[in-house]
Protein chains: 4
Amino acid sequence: MYRFNSDYLEGAHPNILDRLVKTNYEQTPGYGLDPICDSAKEKIRAACGAPNAKVYFLVGGTQTNYAVLDSILRRYEGVLAAETGHVAVHEAGAIEYSGHKVLTVPGKDGKVDAERARAYLEGFYADGSWQHMVRPGAVYISHPSEYGTLYSKEELAALRALCDEYGMRLFLDGARLGYALASEGSDLTLTDIASLCDVFYIGGTKVGALFGEAVVFTNPELGDAFFTEIKQHGALLAKGRMLGIQFDELFTDNLYVRIADHAVKIAMRIKRELTAKGYQFYNDSYTNQQFLILSKEKLDSLEGKVALDDWGPYGDGMRLVRITTSWATGEQAVDTLLSLL
Amino acid sequence: MYRFNSDYLEGAHPNILDRLVKTNYEQTPGYGLDPICDSAKEKIRAACGAPNAKVYFLVGGTQTNYAVLDSILRRYEGVLAAETGHVAVHEAGAIEYSGHKVLTVPGKDGKVDAERARAYLEGFYADGSWQHMVRPGAVYISHPSEYGTLYSKEELAALRALCDEYGMRLFLDGARLGYALASEGSDLTLTDIASLCDVFYIGGTKVGALFGEAVVFTNPELGDAFFTEIKQHGALLAKGRMLGIQFDELFTDNLYVRIADHAVKIAMRIKRELTAKGYQFYNDSYTNQQFLILSKEKLDSLEGKVALDDWGPYGDGMRLVRITTSWATGEQAVDTLLSLL
Amino acid sequence: MYRFNSDYLEGAHPNILDRLVKTNYEQTPGYGLDPICDSAKEKIRAACGAPNAKVYFLVGGTQTNYAVLDSILRRYEGVLAAETGHVAVHEAGAIEYSGHKVLTVPGKDGKVDAERARAYLEGFYADGSWQHMVRPGAVYISHPSEYGTLYSKEELAALRALCDEYGMRLFLDGARLGYALASEGSDLTLTDIASLCDVFYIGGTKVGALFGEAVVFTNPELGDAFFTEIKQHGALLAKGRMLGIQFDELFTDNLYVRIADHAVKIAMRIKRELTAKGYQFYNDSYTNQQFLILSKEKLDSLEGKVALDDWGPYGDGMRLVRITTSWATGEQAVDTLLSLL
Amino acid sequence: MYRFNSDYLEGAHPNILDRLVKTNYEQTPGYGLDPICDSAKEKIRAACGAPNAKVYFLVGGTQTNYAVLDSILRRYEGVLAAETGHVAVHEAGAIEYSGHKVLTVPGKDGKVDAERARAYLEGFYADGSWQHMVRPGAVYISHPSEYGTLYSKEELAALRALCDEYGMRLFLDGARLGYALASEGSDLTLTDIASLCDVFYIGGTKVGALFGEAVVFTNPELGDAFFTEIKQHGALLAKGRMLGIQFDELFTDNLYVRIADHAVKIAMRIKRELTAKGYQFYNDSYTNQQFLILSKEKLDSLEGKVALDDWGPYGDGMRLVRITTSWATGEQAVDTLLSLL
């Protein structure tokens, strides 16, 4: 059976495994204080056009979200996110566990819209009792969003301006960042992101690594003690070079974007061909996640042949279904999928 | 240069890398809900003689300690540990971050002694204002301890009895458990540990894995919602099968103990030969960690040739130095070390 | 100027002040371990028809909400509340600070509706990834609600049944409970509440005390260590008898309900007369809070004469305005208010 | 029976009760935003010689300690305290509940000694793995200490210098501050304290108020959002003027120090006369707490006549016993005590 449920179904890009094997008997200090991590960080700084950025490696996405937010929020601040934002829904309360409320605004295609966020903030500070409520200290966005949609450079700049106006920090969750960078649907480069956000992360887990997320602090006032904070949040990997190896490989010869590009191209083919067949999509995604509206019958008919991600009922007898491709998705898998639909 | 600083300097046992490579393109569901994890858990239950135990995989030690303690402690309880216990000293406050105080008793060779713990508890409940203080809800021990020492079956049984008497849970940190199981200095089997503790973990990171710790809940009242708690603590690995692969290999043909046995044998050789040469050891360790008392001059003379772990001054001109071996330590490294001392 | 902004504008009922003065030089142990607190607790148990209930006194409402919820929720659970619930909006993130997410359902007249809550729960557990999300462990309701509305016995019984079905606890915030008990609009007695909820509190601050809330645990499995938890949450009053004095007075000769009755009667007069004059109310409240829809001009015209609580714009040129009465509201104040409207 | 167990056995100074009664029917806004609180804050600023200080009122000591420390510590920092410090022992883990570790140094007469603290800090930063441990972000001291002892101006200045050197904040717990200010044993004025500490509090609960602690932030970089943080910690009093009334009275005509002076004078008489009778004291306290070493027999003989505070065994057959006086202690009580000893 071919699976299209998510982009973390397989292992890692072979370059990473090769490097793991090749370096296996090398002895290095732990906790990321090794030359391979140094090299990976340097490559990331270069790719971001941010020579002074502080780069840290963590293992997973929820972990990164809660450790970063807890680091950049003041004690009494919460984080503003789209109602559909990952931190608002799918993180088992990790943000609240760290003591911070997630404040939600209605999303727009899964994205935080600067105008809606501004309305929220104006309403918040117009309320005479705002000091009795949780103050928004940061904006959380994911790019691509949980719905595969993308921020334009203009949209991101608008959020930056809003954050400056209201004294908030801007944090971009790039769990799937590669797929955004590889997409024709976005005019945002890695350099843009580095210059517009205070902190963001480059996701490895969903873009070809075994695991790993690279956090990049470009705001020089943030992140100084993040090493200790990583440990405090139970997130410090003893054999830290495992993370260095993966990002060093991903940032060699642009591998990170190249493998994302493969996934996006395949997703575009699926979108194109299914559209041609008359299928309807939930939205117009240009990334590796495609949201199809499928009849329950059709979905059931696929059982045991291809696995898609069922997001629940969508009107009369229909289901919202996610199709996800990855760096590892083969042509044969796609052919099979398309032949069955 | 050969390094003896710790047991997490190298990658992983080759069987693990082979399996990673072999399974790389298989597609499995995430979060540990895959057949490889199932298989690994089954093997662990069998090795523990605990067919109903709940087994979960986490990534690292601090993470495991704080997630487990937070799960088994009630809101108002703290954990009792030796003053030298890892949770008391080296975890960047992760336990306190989860809201629990670490209550310390003077250690005995790095271990919690049942009699000293009992004295603490008697004093605690004799104090008229005990309800204004943090109630001890669990005992934390590490086996081997941070000083390489081992609990006897009798000592562990005494702690079990104490916990029963005072309504506490018993948690064993087995970050280096393999080295205890392989040691001639211990009469404690894995089955004993499973039957005497409420929950414990089998460390992978320091015993041949890239990373990973296997938590085993044998007390049926604990651990039911630990999956969600793992996520809440930012500790859920997306590609969970990475953990399954490692433990499945480590628990095939007793690999876990076999590779630990290699490390312990080498450590015993180092101990024997250095003792013969007149060196003094800090304590009588039968595991892969040996604590040598070395003159500062001697330690300095090793620089650039072999790396040991300097634990600080120990009386006049002397240093307390840790020598650690691992599954990967070669004979040549040991020969070099011994020739230099 | 007469103020109708809230029900905590004045000091305390004179009986309370008299008792404070009378007992001032008595020496009693601290922390509520005194005979006056014992007496007050006994009276509350009697009034609740719950001879085995555990009763504790705290100082304020937010404090009580977060200490109780933190006590009755498991580590990984959140609390279900109406979107307009006090814990969801106006507590500066105290609930999240204690590590728990507030899960919201659309309210119905400010109340949690059992059917909407059931829909939420069914949807929650139908989602394949519910273990990645915050599990609802309790339902939070306030009676009267933040909008002055009241639960019927049938509605509360429906929530009880829902909680039983889903393994949740039911917590009633009675910050203004007196006004509910005194209202003709409710068929719920204190005995009903004690038998249907797992835990609730009887508010003193807003019903005639200087401060103080009496928490009543009727579920025998809850609240055993709440004394320590109160201290842990910074909520233990050193001179605990201050709380005992107040509740002992309030539960002598039914004072608690009698003074609430005065406030409700006056509120009913305001409602009746303003309705007769053609004013429109936001909802049909039978308690001491009345929600008037007032033109901005009219509201402005009151400035410096009577103070109402402006809840913000309500359609074209109108404002939602809260009028609150208390045990201390005099006829002259009401006459003035009515003469100005 | 006369009680000498603590200084919070009685109600409040009559001036406070009078003012409560006199102002009872006044209507003021809640949460401390009223003219009485403004007046009290102004008087406190004047008394401290700190016209720009931010002053906030809280209800109790543990609450104040944990809210202030949580406000001034960064996420990854802990607080340095004497082993006998109140935050280290008797607060039910409230500090840890807020996520911060209490780091202890051996006390000197119950005080933090600058040299011992410096030794701790030097050792801490000399340890190669300090980034894996909890960083000391503040020093907590209580004045008088839990053992009735006092800091000299020189000692406090030494701690100030140490804090400056290590980038730490200095927080003084003044739960019993009045008794220090009134003592002949101290050369520290309120102005000195305000200029040497970053933040401190003036205790009301133990010095004549029903309850209440006045927090004074003199470091202009701290305390800006403390109003919201108070609420977040469940510590905001709805009828805030209760706190204003008490501190306004206490800071009128120097009442705060005058009533403390009474208590100290009486304690000095007890000390003098018991010393003359040959009794031995645990230390040389010049405040309202006297620590007597008493035979168990003697202590038992007092039962039912006078109540002292038994702090536990002190060598062979002896007990450490605390005698505490307060603003309300009468001559007759002291006469009785002295006649029995």
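Up top you'll find the structure we're talking about.
(A) The arrangement of the overall build of chain A in detail. Assigned secondary structure in chain A consists of 14 helices and 13 strands. Taken over C-alpha atoms, the radius of gyration comes to 20 Å for chain A, in line with the 20 Å a tight globule of 341 residues would show. Referenced to the eigenvectors of the C-alpha coordinate spread, the extents of chain A come out at roughly 60 × 55 × 35 Å. The proportion of buried residues among the 341 residues of chain A is 66%. The contacts of chain A with a sequence gap of at least 6 include a subset with a gap of at least 24, amounting to 72%. With an accessible surface of roughly 11,400 Å², chain A has 48% of that area assigned to carbon and sulfur atoms. A gap of 3 Å separates the mean positions of the 34 positive and 45 negative side-chain charges of chain A.

(B) Highlighting the side chain of Ser183(C). Residue and element names in this part refer to chain C. Along the chain, Ser183 turns up in the loop between helix H8 (177-181) and helix H9 (190-196). Polar contacts involving the side chain of Ser183 include one to the main-chain carbonyl oxygen of Tyr286, which spans 2.7 Å. Residues contacting Ser183, with those up to four places away along its chain left out, are Leu150, Val264, Tyr286 and Thr287.

(C) Seen up close, helix H2 (residues 35-48) of chain C. Residue and element names in this part refer to chain C. Between its first and last C-alpha, H2 extends 20 Å over 14 residues, near the 20 Å set by a 1.5 Å rise per residue. Restricting attention to buried positions, one finds in H2 the residues Ile36, Cys37, Ala40, Lys41, Ile44, Arg45 and Cys48. Contacts made by the buried residues of H2 are with helix H1 (14-22), strand S2 (54-58), H9, strand S7 (199-203), strand S8 (213-217) and helix H11 (241-250). Between a side-chain oxygen at the N-terminus of H2 and the backbone nitrogen of Ile36 the separation is 3.0 Å; the capping residue is Asp34. Just past H2, the residue Gly49 takes up positive phi, approximately 60°.

(D) Layout of the nonpolar core. Among the nonpolar cores identified, the biggest contains 139 residues, and Ile44(C), Phe200(C), Ile202(C), Ile44(D), Phe200(D) and Ile202(D) are the most heavily contacted of them. Counting 137 residues, the second-largest nonpolar core is a separate cluster that includes Ala117(A), Leu177(B), Phe211(B) and Ile259(B).

(E) Examining the interface of chain C and chain B more closely. The interface of chain C with chain B comprises 17 residues on the first partner and 17 residues on the second. Roughly 1,700 Å² is buried in total at the junction of chain C and chain B, and carbon and sulfur atoms are behind 52% of that figure. The interface formed by chain C and chain B contains two salt bridges. One salt bridge connects Asp70(B) with Arg75(C), and the closest N-O pair in it is separated by 3.0 Å. Inspection of the region where chain C meets chain B yields ten residue pairs in polar contact (both at pLDDT 80 or more). The leading source of residues in the side of chain C that touches chain B is helix H10 (residues 226-232) of chain C, at five residues.

(F) Structural view of the environment of Gly234(B). By the secondary structure assignment, Gly234(B) is in the loop between helix H10 (226-232) and helix H11 (241-250). Separated by 50 residues in sequence, Gly234(B) and Glu184(B) place their C-alpha atoms 38 Å apart. Leave out the neighbours within four places in its chain, and Gly234(B) touches Thr62(A), Gln63(A), Tyr66(A) and Gln63(B).

(G) Spatial organisation of the relation of the copies chain C and chain D. In the superposition of chain C on chain D (RMSD 0.0 Å, axial shift 0.0 Å), the rotation amounts to 180°. Such a turn and shift between the copies fits a two-fold axis.

(H) Structural view of the sheet that holds strand S10 (residues 289-295) of chain A. Residues and elements named next belong to chain A. On the basis of which strands lie adjacent, the open sheet formed by four strands has the order S9-S10-S13-S12 and antiparallel pairing. Each having just a single partner strand, strand S9 (280-281) and strand S12 (309-313) make up the two edges of the open sheet. Judged from the seven bridges that link them, S10 and strand S13 (residues 318-324) form a sheet pairing that is antiparallel. Note that in S13 the partner of Ile293 across the bridge is Leu320.

(I) Summary view of the interface of chain C and chain D. With 47 residues of chain C in contact, the opposing surface of chain D contributes 46 residues. Here chain C and chain D share an interface that buries about 4,100 Å² over both sides, 57% of which is from carbon and sulfur atoms. The three residues of chain C that bury the most area against chain D are Gln27(C), Tyr97(C) and Lys239(C), which together make up 19% of that side's buried surface. The interface formed by chain C and chain D contains zero salt bridges. The tally of links between chain C and chain D comes to 33 residue pairs in polar contact (both at pLDDT 80 or more). Counting only elements with at least two residues in the side of chain C that touches chain D, the list comes to strand S1 (2-3), H1, helix H3 (61-72), helix H5 (94-97), H10 and H11 of chain C. Taken together, the residues of the side of chain C that touches chain D break down into 24 nonpolar, 15 polar and eight charged.

(J) Seen up close, the sheet that holds strand S9 (residues 280-281) of chain D. Here we have four strands laid out as an open sheet, ordered S9-S10-S13-S12 (chain D), and antiparallel in their pairing. The strands lining the two open edges of the sheet, one partner per strand, are S9 and strand S12 (309-313) of chain D.

(K) Seen up close, the pattern of salt bridges. Taken as a whole and judged by the stated rule, the model has 100 salt bridges over all chains. Notably, a salt bridge pairs Lys271(A) with Asp284(A), separated by 2.7 Å at the nearest N-O pair. Of this pair, Lys271(A) sits in helix H12 (residues 255-276) while Asp284(A) sits in the loop between S9 and S10; the two residues are 13 residues apart in sequence, bridging distant segments of the chain. By relative accessible area, which is 12% here, Lys271(A) ends up buried. Judged by its relative accessible area of 47%, Asp284(A) falls in the partly exposed class. The salt bridge involving Glu42(B) is made with Arg45(B); its shortest N-O contact spans 2.7 Å. Of this pair, Glu42(B) and Arg45(B) both sit in helix H2 (residues 35-48), three residues apart, which is roughly one turn of that helix. According to the relative accessible area criterion, Glu42(B) is partly exposed, its value standing at 47%.

(L) Structural context of the packing of helix H6 (residues 114-126) of chain D against helix H7 (residues 153-166) of chain D. All names here are of chain D. Remark: H6 packs on H7, axes separated minimally by 9 Å, with the N-to-C direction vectors making an angle of 15°. By the criterion of interaxial angle, the relationship of H6 to H7 is roughly parallel. In terms of crossing hand, the pair formed by H6 and H7 is left-handed. In contact with Ala114, Ala117, Arg118, Leu121, Glu122 and Tyr125 of H6, H7 contributes Ala158, Leu159, Leu162, Glu165 and Tyr166. Across the contact of H6 with H7, the residue classes break down as eight nonpolar, no polar and three charged.

(M) Summary view of the packing of H2(B) against H11(B). Residue and element names in this part refer to chain B. It is at 8 Å that the axes of H2 and H11 come closest, and there the two elements cross at 40°. Regarding the angle of H2 to H11, the classification is oblique. Note on packing geometry: the crossing formed by H2 with H11 is left-handed. Taking contact as the criterion, the partners of Ile36, Cys37, Ser39, Ala40, Lys43 and Ile44 in H2 are, on H11, Arg241, Gly244, Ile245, Phe247 and Asp248. Its residues placed into classes, the contact of H2 with H11 shows six nonpolar, two polar and three charged.

(N) Representation of unusual backbone geometry. Residue and element names in this part refer to chain A. The omega angle of the peptide bond from His143 to Pro144 is -5°, so this bond is cis rather than trans. Topologically, Pro144 is positioned in the loop between strand S5 (135-142) and helix H7 (153-166). In this structure, Asn254 takes a positive phi of about 60° despite not being glycine. Relative to the helices and strands, Asn254 is located in the loop between helix H11 (241-250) and H12.

(O) How the structure looks around the packing of aromatic side chains. Evaluation of the coordinates by the stated rule reveals 84 aromatic pairs over all chains. The interplanar angle of 85° and the centroid separation of 6.3 Å between the aromatic rings of Tyr97(C) and Tyr97(D) together place this pair among those described as edge-to-face. Here Tyr97(C), found in helix H5, pairs with Tyr97(D), found in helix H5 (residues 94-97), and the two come from separate chains. For the pair formed by Tyr97(C) and Tyr97(D), the shared burial category is buried. Through successive ring pairs, a cluster of aromatic residues spans Tyr120(A), Phe124(A), Tyr125(A), Trp130(A) and Tyr166(A). Cation over ring: Lys111(D) sits above Tyr151(D), and NZ or CZ is 5.4 Å from the ring centre.

Cut-off values and rules
- Along every chain, residues carry numbers that run from 1 in the direction the sequence is written.
- As they are written, the chains are lettered A onward and the ligands numbered 1 onward, keeping that order.
- Residue-level local features of this predicted model are given only where pLDDT is at least 70; pairs of side-chain atoms are given and counted only at 80 or more, and the full residue set underlies all totals for whole chains, interfaces and linings.
- The side-chain values count all of the structure's non-hydrogen atoms but skip hydrogen atoms and water molecules.
- Starting at the N terminus, helices and strands are each numbered in turn, a helix being any DSSP run of H or I of at least four residues and a strand any DSSP run of E of at least two.
- Radius of gyration means the value over C-alpha atoms here, while the globule rule gives 2.2 Å times the residue count to the 0.38 power.
- Between buried and exposed lies partly exposed: a residue is buried under 20% and exposed over 50% of the maximum accessible area for its type, with that area taken using a 1.4 Å probe on protein chains only.
- Should any heavy atoms of two residues lie within 4.5 Å, those residues are considered in contact.
- Note on areas: Shrake-Rupley with a 1.4 Å probe; residue coverage comes only from the protein chains shown.
- Positive charges come from Lys and Arg alone, negative charges from Asp and Glu alone, with His and the N- and C-terminal ends not counted.
- For this purpose, a charge sits on NZ of Lys, CZ of Arg, CG of Asp or CD of Glu.
- Side-chain atoms alone can form a polar contact between residues adjacent in sequence; in general such a contact is a pair of N or O atoms within 3.5 Å, and within protein one must be able to donate a hydrogen while the other accepts it.
- One less than the number of residues in a helix, times 1.5 Å, gives the span that helix is expected to have.
- Note on terminology: a nonpolar core comprises buried Ala, Val, Leu, Ile, Met, Phe, Trp, Tyr and Cys residues joined through side-chain atoms within 4.5 Å.
- The buried area of a pairing is the accessible area, by a 1.4 Å probe, that goes missing from both parts when the two are put together, added over both.
- Here, a salt bridge means any Lys or Arg side-chain nitrogen found within 4 Å of an Asp or Glu carboxyl oxygen.
- To superpose the copies, least squares is applied to the C-alpha atoms of every residue with a pLDDT of at least 70 in both.
- Strand pairing is defined by DSSP finding a minimum of two bridges between the two strands.
- Asp, Glu, Lys and Arg are counted as charged, while Ala, Val, Leu, Ile, Met, Phe, Trp, Tyr, Cys and Pro are counted as nonpolar; the rest, among them Gly, fall into the polar class.
- In this analysis, axes come from line fits to C-alpha atoms, helices being fitted only over the stretch in contact, and the angle between any two N-to-C directions falls in the range 0 to 180 degrees.
- If an angle is under 35 degrees, it is roughly parallel; if it is over 145, roughly antiparallel; if it lies from 65 to 115, roughly perpendicular; otherwise it is oblique.
- Crossing handedness is read from the near helix: turned anticlockwise from the far helix by less than a right angle, it gives a left-handed crossing, and turned clockwise, a right-handed one.
- Each Phe, Tyr or Trp ring, with Trp reduced to its six-membered ring, pairs with another whose centre is within 6.5 Å; inter-plane angles below 30 degrees give stacked pairs, above 60 give edge-to-face pairs, and intermediate values give tilted ones.
- Remark: a charge is flagged as sitting over a ring if the NZ atom of Lys or the CZ atom of Arg is within 6 Å of the ring centre and within 35 degrees of the ring normal.

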